[in-house]
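Chains, contacts and geometry: an overview
Take a look at the letters that make up each chain.
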Amino acid sequence: RPRPCSGTRLVRAVVQAAPTRVVAVGCSMPPFCMPCSPALLLLLTLSTASGLCPLMSGGDGFAGVMQATPLPTGHPPVPGYHKAYETALANIDFEAVKSDIRALLLKSEPHWPADYGNYGPLMVRLAWHCSGSYRLSDGRGGCGGGRQRFDPERSWEDNTNLDKARSLLWPIKRKYGLGLSWGDLFILAGTTAIESMGGPVLGFCAGRLDDADGEWSAELGPTAVQEQVAPCKVNGQCKPPLGSTTVGLIYLNPEGPMGSPDPSRSAGEIRDTFGRMAMNDTETVALIGGGHAFGKAHGACPDGAGPSPKEDPTNPWPGKCGSGKGADAFTSGFEGPWTTRPTHWDNEYFQLLVNHEWEVHKGPGGRHQWRVRNGSQPLAPGPAGGTQPTMMMTSDIALTMDPTGSYQKIIHEFAAKPEVFDRQFAHAWYKLTTRDVGPVTRCFGPDVPPAEPWQNPLPPPPPSSALADFDAVAEDIANALPPIPPHAVTSDLLRVLNSSDPINHAQSGGSVRSAPPSVAGRMKYYGALFVRLAWQSASTFRVTDYLGGANGARIRFSPQADWPENAGLDQAIALLKPVKDKYGDKLSWADLIVLAGTTALKSAGAKVEPFCGGRTDASEGSGSEHLQSTIVGDISESFDALKAAFKLKGLTNLELVALLGGGHSLGRMHAKRSGYVGSWTSDPTVVDNEYFVSTFTEKWEEFTAPVSAKKMFKAKGKELYRLKTDLALLYDAELAAIATDFAADIEAFRDAFAAAWAKIMNADRFDGPTGNLCDRGAHKAAPLTAV
């Protein structure tokens, strides 16, 4: 059956008889089929499989393909693709790019004339709206991928006329090619524009790899996918996980809640929506004031901008007011600048807010906006000459009418202390435009500032020479274990195990006397517990904004330690403490947790890849607040939700099935922890493909777990159990196709599981925008030969 390729492994050719054909899938392209005799066994190497897929082809044309064709969504990693991008990125002269951007800003083009002869405000808006789609709930959005080029984002009402900004940047993109991604160019253009107009910037983090489509933005809406996973009954009153109150807007309706010019209610919406992207009140006010220090809103008449790119890709947003451009442009429907010097950085925005009384009226675009009472309106230059009065929107006036009083204090401070405003804006802008990039270790370039708190920095990885002997650690993990089941371990016994010489206690005649000497013997009782600990730690990773993962071992702290699904894992950590104490600084908790799980798997017969060490430890658990799993085995969970949860971790369907089978081969469910009962296999101490075989051969009946009354499934006449999500392998066609292969071919399962386990355990070992320390062999690998 066709399977996604791993990108680095042999692609198996499945030989079928009568009629017989070989089916191989090298990538997410149509299957390649050819006739053969029943006796023929064809093994396609990676180079052969690569030839079937234009995105995996090498040779002289490789660079050209890469220039024009980013990888499709969901395409597995391709050897050479990231290397080609990294090589091109390393050759980018960002000072030269900034110089070209500065020249562009002051060269007004007739097809879209620059307001005030300066495209700076337009580029600030481009970068803001590309970044402002980010949401903390699942990490989606942000400028990574450059997805504003695609629907749904390119046709959002809030992105009206940003197609013109992107077209202005095309000559620069064409000049620098693959190494300057669209995502990086959008952010660098906005940041350079701020700097060129006198504004403060903290730095620039390069390394956003472009997407080939807008699939990762589908759940932002408006799409059928968004309506399925996060419907909004009343657009304008949308709740999380959606990032905005209004689908199609970046944050909220600036005219006021549901278009009503009510500043006090608007203040609450501002706090809510900016909070959905992890901005506090100070950052929120700094960003609003900094963004509105520049440029103007466009609403020359009430007739609108015309059809969106989705509605008319050949002539999007032509504008229905006069010429449709310049002074006749229509973008938001509001009309006018916020300050009297709209191409110069200062704190006048806040001074105007606090020093004037404002009244609401209908602007020429037909929307409620605000003017200074009694006609003493401060004047700004007109976008194409002359003068124009300043204005505010309801969301601006809201900063003066916050029911909590918080926004008022901040705007008065910023009005009086421009240096405070400068500092707060610089940090907030960098956070806005970089939040989706992840840790600072993914950043590239000469202007990357030191790690900010929201990047959850970790200590740098130690050199290999400073690390423990991981084979010896693996053996010590077993020696530290009592030879009794986990439910029999008492707090008194844990105190004994954590005594001054814990590693040798079991062998020296202490309270535990009959300890099996082998790693496998001891792991028989504790293997599933350690696998669960490692999985729960590593599987917090999400590929959307690169939060979570095993590095840092934040599972030791709140909030992760308090999550119901992590109940009982404190016992696993306590059992590992003697090992940690023995090795001290040479062994991090993060390495120990992953090593314990990997050792347990190998002891149970699983195939594992060499262990890659060098993780470091966090000192507290911040950064985990939104990483709790949405899949807990409940009967209401859909198969699509299961696949979506693994996709968020950067895992394919094949990897999902492999990890589910490997993880559920070991251990059992415990009523006191999860409310579910029973084991998945007849021997829950061995990793093999029985889980897959029994899934297809047994008859599964609904079963009510005792005590909790939770719904699950039980094999008819046998003590085998499943959760609703396990049965996805039976009833979901895509997952079933993979699971049946694993049921028939244990080696295929073993290979897939080993690769998938290593991938999720090492997912957060960042080395630049696309690199991984483990893939590059930067840290000592241990084959775990002692196990």
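See the structure shown above.
This text gives an overview of the structure that appears in the document. (Residues numbered from 1 in each chain as written. Predicted model: local features only at pLDDT ≥ 70, side-chain atom pairs only at ≥ 80, totals over all residues. Heavy atoms only, no water.)

1. Structural notes on the overall build of the protein
Formally: Going along the chain from the N terminus, every DSSP run of H or I of four or more residues is numbered as a helix, and every run of E of two or more is numbered as a strand. Relative accessibility decides the category of a residue: with a 1.4 Å probe and only protein chains considered, values under 20% of the type maximum give buried, values over 50% give exposed, and everything between is partly exposed. By the convention used here, residues are in contact when the closest approach between their heavy atoms is within 4.5 Å.
The number of helices and strands found in the protein is 25 helices and 18 strands. Counting only residues that meet the buried cut, the protein has 57% of its 787 residues in that class. By sequence separation, contacts in the protein at least 24 residues apart represent 69% of the contacts at least 6 residues apart.

2. Quick word on the packing of aromatic side chains
The cut-off we apply is this: Geometry of aromatic contacts follows a simple scheme: Phe, Tyr and Trp rings, the Trp one being its six-membered ring, pair when their centres are within 6.5 Å, and the pair is stacked under 30 degrees between planes, edge-to-face over 60, tilted otherwise. Any Lys NZ or Arg CZ found within 6 Å of a ring centre and within 35 degrees of that ring's normal is scored as a charge over the ring.
Under the definition given, this model contains 27 aromatic pairs. Aromatic side chains Phe425 and Trp429 sit 5.9 Å apart centroid to centroid with 25° between the ring planes, which places their arrangement in the stacked category. Remark: Trp429 and Phe425 occur in helix 14 (residues 418-434); sequence separation between them is 4 residues, near one turn of the helix. For the pair Phe425 and Trp429, a shared accessibility class is recorded, and that class is buried. Following the ring pairs from residue to residue traces out a cluster consisting of Trp128, Tyr251, Phe274, Phe294, Trp345, Tyr349, Phe350, Phe414, Phe421, Phe425 and Trp429. Its guanidinium or amino end placed over the ring of Trp112, Lys164 lies 5.1 Å from that ring's centre, counting from NZ or CZ. Between the NZ or CZ atom of Lys647 and the centre of the ring of Trp216, over which it lies, the distance is 4.6 Å.

3. Description of the sheet that holds strand 13 (residues 700-704)
Quick reminder of the rule: Being paired, for any two strands, means DSSP has found at least two bridges between them.
As summarised here, the arrangement of the 3 strands in space is 13-14-15, forming an open sheet in which the pairing is antiparallel. The sheet terminates laterally at strand 13 and strand 15 (721-722), the two strands that pair on one side only.

4. Digging into the packing of helix 9 (residues 263-275) against helix 10 (residues 281-291)
We count it as follows: For helices, the axis comes from a line fit to the C-alpha atoms of the stretch in contact; other axes are also lines fit to C-alpha atoms, and the angle between any two N-to-C directions lies between 0 and 180 degrees. Orientation categories follow fixed angle ranges, with anything under 35 degrees roughly parallel, anything over 145 roughly antiparallel, 65 to 115 roughly perpendicular, and all other angles oblique. Throughout this entry, Asp, Glu, Lys and Arg are counted as charged residues, while Ala, Val, Leu, Ile, Met, Phe, Trp, Tyr, Cys and Pro are counted as nonpolar. The remaining residues, Gly among them, count as polar.
One can describe the packing of helix 9 onto helix 10 by two numbers: an axis separation of 10 Å at closest approach and a directional angle of 100°. The angle between the axes of helix 9 and helix 10 places the two elements in the roughly perpendicular class. On the side of helix 9, the interface is formed by Ile270, Arg271 and Phe274, while helix 10 contributes Asp281, Thr284, Leu287 and Ile288. Taken together, the residues of the contact of helix 9 with helix 10 break down into 4 nonpolar, 1 polar and 2 charged.

5. Section: the state of the cysteines
The condition is simple: For the purposes of this analysis, a disulfide is any pair of cysteine sulfur atoms at a distance within 2.5 Å.
Overall, the coordinates contain 5 disulfides when judged by the stated rule. Across a sulfur-sulfur distance of 2.0 Å, Cys130 and Cys143 are joined as a disulfide pair. With the S-S bond torsion at 100°, the cross-link from Cys130 to Cys143 turns out right-handed. With Cys130 in helix 5 (residues 120-131) and Cys143 in the loop between helix 5 and helix 6 (162-176), this pair connects stretches of sequence that are 13 residues apart. Residue Cys130 shares its accessibility class with Cys143, and that shared class is buried. Shown here is the disulfide that connects Cys205 with Cys443, its sulfur atoms set 2.2 Å apart. With the S-S dihedral at roughly -95°, the linkage between Cys205 and Cys443 falls on the left-handed side. Of this pair, Cys205 sits in the loop between helix 7 (182-196) and helix 8 (224-229) while Cys443 sits in the loop between helix 14 and helix 15 (470-479); the two residues are 238 residues apart in sequence, bridging distant segments of the chain.

6. Side note on the pattern of salt bridges
Defined as follows: Salt bridge, as applied in this entry: a Lys or Arg side-chain nitrogen positioned within 4 Å of an Asp or Glu carboxyl oxygen.
Applying the stated criterion across every chain yields a total of 35 salt bridges. In this structure, the salt-bridge partner of Arg276 is Asp272, at a minimum N-O distance of 2.6 Å. On the accessibility criterion, Arg276 (8% relative accessible area) is buried. Its relative accessible area of 31% is what places Asp272 among the partly exposed residues. Connected via shared salt-bridge partners are Glu95, Lys98, Glu195 and Asp447.

7. Section: the packing of helix 5 against helix 14
Closest axis-to-axis distance for the helix 5/helix 14 pair is 8 Å, and the angle between their directions is 60°. For the element pair helix 5 / helix 14, the angle class is oblique. Contacts between helix 5 and helix 14 involve Val124, Ala127, Trp128 and Ser131 on the former and, on the latter, Trp429, Leu432 and Thr433. Partitioning the contact of helix 5 with helix 14 into residue classes produces 5 nonpolar, 2 polar and no charged.

8. Structural notes on helix 6
Which entries qualify depends on this criterion: One fewer than the residue count of a helix, multiplied by 1.5 Å, yields its expected span.
In this model helix 6 runs 21 Å from its N-terminal to its C-terminal C-alpha over 15 residues, within 8% of the 21 Å that 1.5 Å per residue would give. Among all positions of helix 6, only Leu162, Asp163, Lys164, Ala165, Arg166, Leu168, Leu169, Ile172, Lys173 and Tyr176 are buried. Residues of helix 6 that are buried in the fold lie against helix 4 (94-105), helix 5 and helix 7. Trailing helix 6 by a residue or two, Gly177 shows a phi angle of about 70°, which is positive.

9. Quick look at empty space enclosed by the protein
What counts, and what does not: Cavity and pocket criteria rest on a 1 Å grid covering protein atoms alone: a 1.4 Å probe that fits but cannot get out defines a cavity, protein on both sides within 12 Å along at least 5 of 7 lines defines an open pocket, and an atom within 4 Å of a point defines a lining residue. Grid points are joined across faces, edges and corners, and a volume is the space filled by probe spheres set on the points.
This model, assessed by the stated rule, comprises 2 cavities of 30 Å³ or more. By volume, the largest cavity amounts to about 140 Å³. Around the largest cavity, the lining comprises 15 residues; the ones closest to its centre are Trp156, Leu220, Gly243, Ser244 and Leu249. Looking at the lining of the largest cavity residue by residue, the classes come out as 8 nonpolar, 6 polar and 1 charged. Within this model, the second largest cavity holds a volume of roughly 90 Å³. Forming the walls of the second largest cavity are 13 residues, and the residues nearest its centre are Thr598, Glu609, Pro610, Trp757 and Ala758. Looking at the lining of the second largest cavity, the elements with two or more residues in it are helix 19 (589-603), strand 10 (611-612) and helix 25 (746-761). Here the lining of the second largest cavity gets 4 residues from one element, more than from any other, and that element is helix 25. Considering only residue class, the lining of the second largest cavity consists of 9 nonpolar, 2 polar and 2 charged.

10. What to know about helix 5
The terminal C-alpha atoms of helix 5, which comprises 12 residues, lie 17 Å apart, in line with the 16 Å expected from a rise of 1.5 Å per residue. By the criterion of burial, helix 5 is predominantly enclosed, with 12 of the 12 residues buried. Taken together, the buried positions of helix 5 are Gly120, Pro121, Leu122, Met123, Val124, Arg125, Leu126, Ala127, Trp128, His129, Cys130 and Ser131. Buried residues along helix 5 sit in contact with helix 4, helix 6, helix 7, helix 9, helix 10 and helix 14.

11. Here's the deal with the nonpolar core
The nonpolar side chains of a soluble globular protein tend to be buried, and buried together. Rules: The nonpolar core is taken to be a set of buried Ala, Val, Leu, Ile, Met, Phe, Trp, Tyr and Cys residues, with the residues joined through side-chain atoms within 4.5 Å.
With 89 residues, the main nonpolar core has Met123, Leu169, Ile172, Leu287, Met392, Leu399 and Trp429 as its most contacted residues. For this core, the leading source of residues is helix 7, giving 8 residues. When residues no more than four places from it in sequence are discounted, the contact partners of Met123 are Leu104, Leu105, Ala165, Leu168, Leu169, Ala189, Gly190 and Ala193. The next biggest cluster of nonpolar side chains, apart from the first, holds 80 residues, and it includes Ala572, Ala596, Ala658 and Tyr691.

12. Quick look at the environment of Met401
Within the element layout of this structure, Met401 appears in the loop between helix 12 (394-397) and helix 13 (406-416). In the structure, Met401 is positioned 134 residues away from Ala267 in sequence and 7.2 Å away in space, judged by C-alpha atoms. Excluding its chain neighbours within four sequence positions, the residues that come into contact with Met401 are Pro263, Ser264 and Gln408.

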